[in-house]
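Here is what each chain is made of, one letter per residue.
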Amino acid sequence: MYFLAINGKTLPVPSYYRVDNDDIDSTDSKRSDETGTMHRRRLRKGVRTCEVKWILDGTAAMGLHTDLSEPLLSVSLLDPAAAGYEECEMDAKNLTSVFYQQQNASETKSWWEISCTLVEY
């Protein structure tokens, strides 16, 4: 079992993993001031997003950062709503590296938290 594979490569087990399916609404979708009725124009339904975090040593963090930096990612993700794996094209938004813990005054042996939100095209 794995949670994510990108471009055919299985990624490390994340410390946090959340999958959502959201709709994209038009900018003119809004609630009427007079009646309070919602006027919605849905442009696309079920856009998959995956918020994910890893805590990894410096060497693994560098490799993961490289894997997630591609502009287009072929992703296989475990989706609980589908009760299995889904294949989709995604990109990584807000790719962040946060220093977590120092080990032996070494960047490669110290621990980092890598996080991002994968968004379906």
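Refer to the preceding data block for the structure.
Residues numbered from 1 in each chain as written. Predicted model: local features only at pLDDT ≥ 70, side-chain atom pairs only at ≥ 80, totals over all residues. Heavy atoms only, no water.

**Here we look at the overall build of the chain**
Under the convention used in this document: Secondary structure elements are taken from DSSP: a helix is a run of H or I of four residues or more, a strand is a run of E of two residues or more, and numbering for both begins at the N terminus. Only C-alpha atoms enter the radius of gyration, while the globule expectation follows 2.2 Å times N to the 0.38, with N the number of residues. Only protein chains enter the accessibility calculation, which uses a 1.4 Å probe; a residue is then buried when its area is under 20% of its type maximum, exposed when over 50%, and partly exposed in between. What makes two residues a contact is simply this: any of their non-hydrogen atoms within 4.5 Å. In these tables, accessible area is a Shrake-Rupley quantity obtained with a 1.4 Å probe, and a residue counts as shielded only by the protein chains included in the view.
Counting secondary structure elements, the chain contains 1 helix and 9 strands. Starting at the N terminus and ending at the C terminus, the chain contains elements arranged as β-β-β-β-β-β-α-β-β-β. Over its C-alpha trace the chain gives a radius of gyration of 18 Å, far above what one expects of a compact globule, namely 14 Å for 121 residues. With the C-alpha coordinates of the chain rotated into their principal frame, the extents come out at 65 × 30 × 25 Å. Each of the 121 residues in the chain was classed as buried or not, and the buried ones make up 31%. Long-range pairs, those at least 24 residues apart, make up 62% of the contacts in the chain with a sequence separation of at least 6. Accessible surface, the chain: about 7,700 Å² in total, of which carbon and sulfur atoms supply 50%.

**Quick notes on the packing of aromatic side chains**
As a reminder, the rule being used: Any two of the Phe, Tyr and Trp rings considered here, Trp counted by its six-membered ring, make a pair once their centres fall within 6.5 Å; the pair's planes then place it as stacked at under 30 degrees, edge-to-face at over 60, or tilted in between.
Summed over the entire model, instances satisfying the criterion amount to 3 aromatic pairs. Arranged with centres 4.4 Å apart and planes meeting at 25 degrees, the rings of Tyr2 and Tyr85 form a pair that is stacked. Linking Tyr2 in the segment before strand 1 (4-6) with Tyr85 in strand 8 (residues 84-103), this pair joins segments that are 83 residues apart in sequence. For Tyr85, a relative accessible area of 33% corresponds to the partly exposed category. Measuring from ring centre to ring centre gives 5.3 Å for Phe99 and Trp112, while their planes differ by 80 degrees; the resulting arrangement is edge-to-face. Of the two residues, Phe99 is situated in strand 8 and Trp112 in strand 9 (residues 106-120); the sequence distance between them amounts to 13 residues.

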